[in-house]
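Chain by chain, the residues run as shown.
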Amino acid sequence: MCGICGIYKRTSHDELIGSVHTMLDAMRYRGPDQQGFHVFNHCAIGVNRLSIIDMKTGDQPIHNEDNSIWIVYNGEIYNYQLLRKELASKGHLFYTNTDTEVIIHLYEQYGIEGFEKLNGMFAFAVYDEKQEKLILTRDRIGIKPLYYSLPDGLVFASEMKTLLAMKHNAYKLNLSGIAQYLSYDYTPAPNTMVNGIFKLMPGMCLIKDKGTMYEKQFVNNRVNAYLEVKNDGQSENEIAGQLGEILSEAVKDQMAADVPVGIFLSGGIDSSAIAYFASKIKPDINSFSISFEEPSFDESTYARLMSDKLGLKHYSKVFTCGLFKELFHHLIDFMDEPIADPSIIPTYALSKLAGKQVKVVLSGEGGDEMFAGYPTYTAHKFASLYNSLPGILRKGMIEPLIKLLPVSDKNLSFDFIAKRFVSSSSLQAVRRHTQWMGGFAYQELSLLLRKELFRSIEDSLYQPVKELIEYTKGLSDPETANIMDIVMYLPDDLLVKIDRATMAASIESRVPLLDNRVIRFSKALPFEYKLKGMTHKYILKKLMKDKLPDSIINRKKKGFGIPLTKWLRHDFRHEAEMLLSKDSVESIGVFNYPYISRLLQEHIRGSRDNRKKLWPIIVLVKWLQRYRYTV
């Protein structure tokens, strides 16, 4: 795992070197083991390397036989040994044992189309010196990040702040990106919160070829790629058996490393399934979990149950509000683009815990998306039934009663779920899902943002979901929501979270449930095998039924939540009041302070649970204090 960067610009040799050094220094923690760069006529590329495979000869950048093609690379290719044999049989010569070098020869042999053969997580830059061509590439699901900027030449890096380090004062806030962040809890790609900086979309190449620049897909990974449902008449047992073979191979391949490997183990079915297959390969593998003092948030009992059953060496840490406050202020340095997912903070604590023992961790990210694990999918089913009730019953009786429910600070409390359900149940599926999962609805944003700013961005608010609305016509609401999570929430929130948290601790995360073979299996799986009646992850549960305890298979999903409702009222109240003070908010020049003050006071009094609105603002204000932009 590494941090990569580079610049393509017709300028002096010294400026190219200086630019790369500045960017590498801004993300040294992503690769503390080795730093390298190479300069060409109009291009320079650099890398900070975290050594995982081929510790002796794997230093980057890496080149082909005649030094005409070079690469810097962040990621892991799990099928590189097979590709290496194929390429060697065609005459390619290798001077390292790395997966990195395979990519260069794959490009030599097949061009950009060859990248479709890669099974792994990756973001890389290939420079073809003979053609003066720079090719930026990101994996098919968006596991590894890649940002680029075009104000003056092409500049790219693994993290946005690396680009900001070069010309911080030249960048301004992207108001549409801010509005989208406040709506979705993240900024959907390719947009960012800074003007002139973009995220490369998953499955895409960005090609700078002398005087031209263009994008090209190396694999179809947009919405329509998830609409191909095939059913070849296999029985449920045969399908479950096929999934078992795929998961076993995926875990085995992703455990390959020249350094110690461990597991993030929550005790949910995803991480438990990974632990089960990993224990068959390495019985005493290390596992790691976070516990909470508040029972409704704590999963440590299940994590300990699984580690004991499988004989794993288990490590756990209690996550307190004191630790939350400490890491929040520290982690903002690594959150170069904010996400309003508070679980990034305990994930960072978990990564620091694991980093004392291992350099690679297997994580369960992607299981909820590949196998429809979120309770919101069931809620979409109920929404259709609820909307069929007479309006006088819904508006005149049910909803007034729900509003009277007392506010609870428990995890996934009934009042929180019920109030959120009725707030958006009547909307079209994509917009309903946006408001259930995100922070601010359209009408609320008009109160939060200054009027002139809201008018300038309101047309762009739903731009990221227009394609989804078009392509998912005719699908059920749960399936629509599932596709939305795969192409937006997964790459732009969850995978950002796990990347930033683990990289901040200088360890590598791997996600077996997003192996190419699992993705292909999920695409071809009829949705009824993912969500059958009220049973989420139906086919995965069928597979694991005789392999995991029933208490793991049948347990209610908690998610990796934290007691934010309670902490904002008590232990974290002072920090919240300072960050959301009149001076602090008005100095930004974006928000209406009276509305924010009302949200905070309602929450402190306990009359409303406003954590889903307050937390995105708190993170954004803290981020703006750290990275000072102009509007």
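Residues numbered from 1 in each chain as written. Predicted model: local features only at pLDDT ≥ 70, side-chain atom pairs only at ≥ 80, totals over all residues. Heavy atoms only, no water.

**Looking at helix α10 (residues 344-355)**
Think of an α-helix as 3.6 residues a turn; residues three or four steps apart then line up on the same face. Here is the rule we go by: Runs of E in the DSSP output that reach at least two residues are strands. Runs of H or I that reach at least four are helices, and both are numbered from the N terminus. One less than the residue count of a helix, multiplied by 1.5 Å, gives the span that helix is expected to have. For every residue, the accessible area obtained with a 1.4 Å probe (protein chains only) is divided by the maximum for its type, and the residue is called buried under 20%, exposed over 50%, and partly exposed between those limits.
Taking 1.5 Å of rise per residue, the 12 residues of α10 would be expected to cover 16 Å, and the 16 Å separating its terminal C-alpha atoms lies within 8% of that figure. With respect to burial, α10 is a largely interior element, 10 of its 12 residues being buried. Listed as buried for α10 are I344, I345, P346, T347, Y348, A349, L350, S351, L353 and A354.

**Regarding the layout of surface pockets**
Rules: Buriedness for pockets is judged along seven lines, at least five of which must meet protein on both sides within 12 Å for an open set on the 1 Å grid over protein atoms alone, while cavities are sets there where a 1.4 Å probe fits but cannot get out, and lining residues have an atom within 4 Å of a point. Grid points are joined across faces, edges and corners, and a volume is the space filled by probe spheres set on the points. Side-chain classes are defined by residue name, with Ala, Val, Leu, Ile, Met, Phe, Trp, Tyr, Cys and Pro counting as nonpolar, Asp, Glu, Lys and Arg as charged, and the others, Gly among them, as polar.
The computed volume of the second largest pocket comes to approximately 940 Å³. Surrounding the second largest pocket, 34 residues form its lining, K419, S423, E444, R608 and K613 being those nearest its centre. Contributions of two or more residues to the lining of the second largest pocket are made by α13 (391-403), α14 (414-424), α15 (429-437), α16 (442-448), α26 (593-605) and α27 (611-626). If one sorts the elements of the lining of the second largest pocket by residue count, α14 sits on top with 7 residues. By residue class, the composition of the lining of the second largest pocket is 10 nonpolar, 11 polar and 13 charged.

**Some points on the nonpolar core**
Here is the rule: We define the nonpolar core as a collection of buried residues of types Ala, Val, Leu, Ile, Met, Phe, Trp, Tyr and Cys that are connected through side-chain atoms lying within 4.5 Å of one another. The contact rule is simple, with two residues in contact once any of their heavy atoms fall within 4.5 Å.
Counting 162 residues, the largest nonpolar core has F319 and F591 as its most contacted members. Per element, the largest residue contribution to this core is 14 residues, and it comes from helix α19 (residues 477-504). The residues touching F591, leaving out its near neighbours within four places in the chain, are L182, L448, L449, R450, V585, I596, I617, L620 and V621.

**Topic: the sheet that holds strand β7 (residues 133-138)**
Backbone-to-backbone hydrogen bonds join strands into a sheet, with any given pair of strands oriented parallel or antiparallel. What counts, and what does not: Pairing between two strands requires that DSSP report at least two bridges joining them. Helix axes use the C-alpha atoms of the stretch in contact, all axes being lines fitted to C-alpha atoms, and the angles between their N-to-C directions lie in the range 0 to 180 degrees.
What the 6 strands build is an open sheet, ordered β4-β5-β6-β7-β11-β12; its pairing is antiparallel. For this open sheet the edge positions go to β4 (62-63) and β12 (212-217), each flanked by a neighbour on one side alone. Two strands pair when backbone bridges link them, and β4 and strand β5 (residues 69-77) are joined in this way by 2 bridges, in the antiparallel orientation. Bridge pairing in β5 places H63 opposite W70. Contacts from helix α3 (residues 99-110) reach β4, β5, β6 (120-128) and β7, with the element oriented near 125 degrees to β5.

**Examining the packing of aromatic side chains**
This is how it is decided: Each pair of aromatic rings taken from Phe, Tyr and Trp, with Trp reduced to its six-membered ring, is defined by centres within 6.5 Å and is described as stacked if the planes are under 30 degrees apart, edge-to-face if over 60, and tilted in the remaining cases. The rule is short: NZ of Lys or CZ of Arg within 6 Å of the ring centre and within 35 degrees of the ring normal puts a charge over the ring.
For the structure shown, the criterion picks out 28 aromatic pairs. Between F122 and F218, the aromatic rings sit 6.1 Å apart at their centres with planes inclined by 35 degrees, giving tilted as the arrangement. Of this pair, F122 sits in strand β6 while F218 sits in the loop between β12 and α6 (236-254), and the two are 96 residues apart along the sequence. Relative to W567, the ring of F324 has its centre 5.2 Å away and its plane inclined at 45 degrees; by these criteria the two rings are tilted. With F324 in helix α9 (residues 321-331) and W567 in helix α23 (residues 564-569), this residue pair connects regions lying 243 residues apart in the sequence. The two residues F324 and W567 agree in class, both being buried. Within the aromatic cluster, the residues linked to one another by ring pairs are F292, F297, F319, F324, F328, W567, F572 and W615. The ring of Y462 has R431 sitting right over it, with the charged end atom 4.1 Å from the ring centre.

**Overview of unusual backbone geometry**
Here the residue pair Q60 and P61 is connected by a cis peptide bond, since its omega of 0 degrees sits within 30 degrees of zero. Mapped onto the elements, P61 comes out in the loop between β3 (43-49) and β4. Cis geometry marks the peptide bond from A189 to P190, where omega comes out at 5 degrees. By secondary structure assignment, the location of P190 is in the loop between α5 (175-184) and β10 (197-199). Positive phi, normally seen in glycine, also occurs at N67, with a value near 60 degrees. Turning to its location among the elements, N67 is positioned in the loop between β4 and β5. The class of N67 is partly exposed, set by a relative accessible area of 36%.

**With respect to the sheet that holds β3**
Sheet architecture is open: 6 strands sit in the order β2-β3-β1-β9-β8-β10, paired in antiparallel fashion. This sheet does not close on itself; its edge strands, each paired only once, are β2 (34-39) and β10. Put simply, the sheet's adjacent strands are angled 15 degrees from each other on average, direction ignored. Sheet topology note: the β2/β3 ladder contains 6 bridges and is antiparallel. In the sheet register, Q35 faces β3, and the bridge partner there is N48.

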